[in-house]
Amino acid sequence: MGRKQKSKQGVPPTLEETRGTVKKPNAKAEKKRKSTEETAALQPPKKQIAQEKKSLFEESESEPENNDLEASGDEFEEAEELSELEGDEDDDLAQDEFVQDGEDDEESEQDSVFDSDEENRAKPMFSDDSGDEDDLQVANLEAMSRKLDEEAELEKKEAEEELHTNIHPTAPTILPPKDEAGLVDGQPTSAFTQDLSQIQLRIQEINRVLNDFKNLCEPGRSRAEYVDQLISDVSVYYGYSRFLTEKFFELFPVSEAIEFFESNELPRPVTIRTNTLKTQRRELAQALINRGVNLEPIGKWSKVGLQVFESQVPIGATPEYLAGHYILQAASSFLPVMALAPQPNERILDMSSAPGGKITYVAALQKNTGVIFANDANKARTKALTANIHRLGVRNAIVCNYDGRKFPNDVLGGFDRVMLDAPCSGTGVIYKDQSVKTNKSERDFDTLSHLQRQLLLSAIDSVDADSKTGGYIVYSTCSITVEEDEAVIQYALKKRPNVKLVSTGLEFGREGFVRFREKRFHPSMKLTRRYYPHVHNIDGFFVAKLKKVSDKIPRTVDDAAAEEEEEHYNAEDDSVSANSENDNLTFDDEADKAIIEENRRKWLKSKGYKVSKKN
């Protein structure tokens, strides 16, 4: 069947019209044929074929033979039927499509209708030879590929030049200009621009410079100057004391330290812990979802935690909360209990248990078996501890109020496991208490670390090393400073050689410091775990687990030397005090007796007794 042309076709000419065209002179047809041949090279291959067919058709018209006219009429009748099927309306193009060869009658009968398939077979797109067509296509593809590669390489080169232009020619001017007296425009550096938006921008720029100091630093400026200005800006922008800011910059690289400061401005996610003594997490989640609470499991590392995103009801006043099905508890507070891994029927001591989140978790893991001593040194906090124990249905806990340092000598010992969540500076939960930013000093950290060391030694002494299932101590703080974490553990390992660090069993968290600045810690310190708000999205926390291998404390050479030195100093002090007393024995007994008697009379008179006058 014939090929449908893009342009419109009309009704094919009638036989009379055809006969009229036959009478045209041959010169005109020849001239038209030559003009079409000249333009064929500039037209697409398909149009060229049509023009050649048209010229042949006009040559055939120039021969006045009746047989040819009759054949032509029959062929145009066939063309009319085909054009009606295809719906074209262009007369000239209809003649191009349906042509005859006037020189051969047999060929005119076979080729009276032009087929597009025959055109493709006879006339390739680019050449008369079909083999050349494939070669041309391959050549075109290769040329196009080379052109695309050249364009991509040019774009890459321009991008590199633009980046080089933006960074390298001049380093950004960030630091204030200093004169020889260390002043900025005649004022101290601390007074340099207190606009918070400018300070924030300068913090970002200094951070960028410090990450590529070699290429971005200003000429004549040292790294210490940038760091000093950054510490000053962070202190002003986030509201920290310079002392605490420097301490945090010692813990983290510059970029991570800024992330830490930023994370302390945001609250941690609200989390609850399912009380498995009364319900299961799936049942609790479904009940809270029905009340309009949007929540999901806290993570794969916990089987009882749920994170609350949004609630249409107060999460601390639902019927499920009042019935003791869950407790509001920070995710970081799960970690010490998970590290402790209490077993049923064990005797466990929690030296600082208020408000009761950790101790009730221990009771749930024990399934209300064994005995738990829930101690807290603050008597006022034991009220909330007792209330949570009753609400959550804990029946194996004993609440007590002792100084943790009195265990085991003055209170009780021989526990299977001891958990110590020691009092700390709270540098891991600054978002809860913003006052930590300014009210902590070096003396506070020294005092707290001293208390933590004493409590940890008492916790170690309270554990029974011969316990069949236990003999473990878990030490934790909600602080991230080395003085309260690794340094305390190092002190305990030195003073109690009968304990060793073991794995906490926690699946995530950063390893503790083995080296920190000039300090060196025991290699097993990497078994401890650190948690940061900007990394794990929980409170800053530290967890360490120790195993007591013997109840006998072996004496070390350092301990013996220290005791001998202490006895020597004590003996010298006693001798000096005795000599001084002997040298100053010049008291008047009579005068002292009169003074004592006078004071006695005044005391009796103040009590309402009638005292006789002095003789």
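Residues numbered from 1 in each chain as written. Predicted model: local features only at pLDDT ≥ 70, side-chain atom pairs only at ≥ 80, totals over all residues. Heavy atoms only, no water.

*Asks:* Could you give me a rundown of the overall build of the protein, with the residues and numbers involved?
*Replies:* When helices and strands are counted, the protein shows 24 helices and 17 strands. Out of the 615 residues in the protein, the part that is buried amounts to 40%. Across the protein, contacts joining residues at least 24 apart in sequence account for 72% of those joining residues at least 6 apart. In the structure as shown, the protein presents an accessible area of about 35700 Å², 49% of it carried by carbon and sulfur atoms. (Helix = DSSP H or I, 4+ residues; strand = E, 2+ residues; numbered from the N terminus. Buried < 20%, exposed > 50% of the residue type's maximum accessible area, 1.4 Å probe, protein only. Contact = heavy atoms within 4.5 Å. Areas by Shrake-Rupley, 256 points an atom, 1.4 Å probe, with all protein chains shown as cover.)

*Asks:* Describe the sheet that holds strand β3 (residues 270-274), with residues and values.
*Replies:* With antiparallel pairing, four strands are arranged side by side in an open sheet as β4-β5-β3-β6. With one partner strand each, in any of the chains shown, β4 (293-297) and β6 (326-328) form the two edges of the open sheet. Direction aside, neighbouring strands of the sheet carry axes that sit 35° apart on average. In this sheet, β6 lies alongside β3 in antiparallel orientation, the contact comprising three bridges. Paired with Ile 272 across the bridge in β6 is Leu 328. (Pairing = 2+ DSSP bridges. Axes fitted to C-alpha atoms, helices over the stretch in contact; angles between N-to-C directions.)

*Asks:* Any details on the layout of surface pockets? Residues and values, ideally.
*Replies:* Space inside the largest pocket adds up to approximately 1100 Å³. Along the wall of the largest pocket there are 48 residues; nearest its centre are Ser 333, Pro 355, Lys 358, Asp 421 and Lys 432. Residue assignment for the lining of the largest pocket shows that the elements contributing at least two residues are β3, β6, α17 (357-366), α18 (381-391), β10 (417-421) and α20 (442-461). Looking at the lining of the largest pocket residue by residue, the classes come out as 26 nonpolar, 13 polar and nine charged. Both domains that furnish three or more residues to the lining of the largest pocket are identified here as domain 2 (269-328) and domain 3 (331-548). (1 Å grid on protein atoms, 1.4 Å probe; cavity = no way out; pocket = protein on both sides within 12 Å on 5 of 7 lines; lining within 4 Å. Points joined across faces, edges and corners; volume = space filled by probe spheres on them. Nonpolar A, V, L, I, M, F, W, Y, C, P; charged D, E, K, R; others polar. Domains from an automatic or database assignment.)

*Asks:* Tell me about unusual backbone geometry, residues and numbers included.
*Replies:* Of note, the amide linkage connecting Ala 354 to Pro 355 takes the cis form, showing an omega dihedral of 5°. Positionally, Pro 355 belongs in the loop between β7 (347-350) and α17. The residue after Phe 407, namely Pro 408, is reached through a cis peptide bond having omega -5°. Of note, Pro 408 is situated in the loop between β9 (397-400) and β10. With a phi angle near 60°, Asn 368 is a residue other than glycine that sits in the positive phi range. Position of Asn 368 among the secondary structure elements: in the loop between α17 and β8 (371-375). What makes Asn 368 buried here is its relative accessible area of 17%.

*Asks:* Quick one: what's the story with the UniProt feature "binding site: S-adenosyl-L-methionine" (unreviewed entry) in the protein, residue by residue and with numbers?
*Replies:* When the UniProt feature table is mapped onto this chain numbering, "binding site: S-adenosyl-L-methionine" (unreviewed entry) sits at Ser 352, Ser 353, Ala 354, Pro 355, Gly 356, Gly 357, Lys 358, Asp 376, Asp 403 and Asp 421. Lining residues of the largest pocket drawn from the annotated set just named are Ser 352, Ala 354, Pro 355, Gly 356, Gly 357, Lys 358, Asp 376, Asp 403 and Asp 421. Within the secondary structure layout, Ala 354 lies in the loop between β7 and α17. Once residues within four sequence positions are removed from consideration, Ala 354 is found in contact with Asp 376, Arg 381 and Leu 385. With respect to the secondary-structure elements, Asp 376 resides in the loop between β8 and α18. Residue class for Asp 376 comes out buried when judged on its relative accessible area of 3%. Sequence-distant contacts of Asp 376, that is, excluding residues within four places in its chain, are made with Met 351, Ser 352, Ser 353, Ala 354, Arg 381, Thr 382, Cys 400, Asn 401 and Tyr 402. (UniProt positions renumbered as here; feature names shortened; annotations may be inferred.)

*Asks:* Account for the packing of helix α12 (residues 242-251) against helix α13 (residues 254-263), naming residues and giving values.
*Replies:* Relative orientation of the contacting elements α12 and α13 amounts to 125°, with a least axis distance of 8 Å. Considered as vectors, α12 and α13 are oriented oblique to each other. Here α12 and α13 pass one another in a crossing that is right-handed. In this structure, α12 contributes Thr 245, Phe 248 and Phe 249 to the contact, and α13 contributes Val 254, Ala 257, Phe 260 and Phe 261. (Parallel < 35°, antiparallel > 145°, perpendicular 65-115°, else oblique. Left-handed = near helix turned anticlockwise from the far one by under 90°.)

*Asks:* Requested: an account of the nonpolar core, with residues and values cited.
*Replies:* Core analysis: the biggest nonpolar cluster contains 58 residues, and Leu 230, Phe 248, Leu 456 and Ile 489 have the highest contact counts within it. Here this core gathers at least three residues from each of two domains, domain 1 (196-265) and domain 3 (331-548). Beyond its immediate stretch of four places on either side in the chain, Ile 489 contacts Leu 456, Tyr 475, Leu 501, Met 525, Phe 542, Ala 544 and Leu 546. (Core = buried A, V, L, I, M, F, W, Y, C linked by side-chain atoms within 4.5 Å.)

*Asks:* Tell me about the pattern of salt bridges, residues and numbers included.
*Replies:* Here the structure, examined in full by the defined rule, presents 19 salt bridges. Of the charged contacts, one joins Arg 208 and Glu 205 as a salt bridge, the two residues approaching to 2.9 Å between their closest N and O atoms. Of this pair, Arg 208 and Glu 205 are both found in helix α9 (residues 196-211), three residues apart, which corresponds to roughly one turn of the helix. Since its relative accessible area comes to 37%, Arg 208 is described here as partly exposed. The partly exposed category is assigned to Glu 205, whose relative accessible area is 24%. The salt bridge partner of Arg 530 is Glu 486, with a shortest N-O separation of 2.8 Å. You can see Arg 530 sitting in strand β16 (residues 529-531) and its partner Glu 486 sitting in helix α21 (residues 486-495), a full 44 residues away along the chain. Under the relative-accessibility criterion, Glu 486 is labelled buried at 0%. Shared partners join several salt bridges into a network, and the residues in it are Glu 218, Arg 221 and Glu 225. (Salt bridge = Lys/Arg side-chain N within 4 Å of Asp/Glu carboxyl O.)

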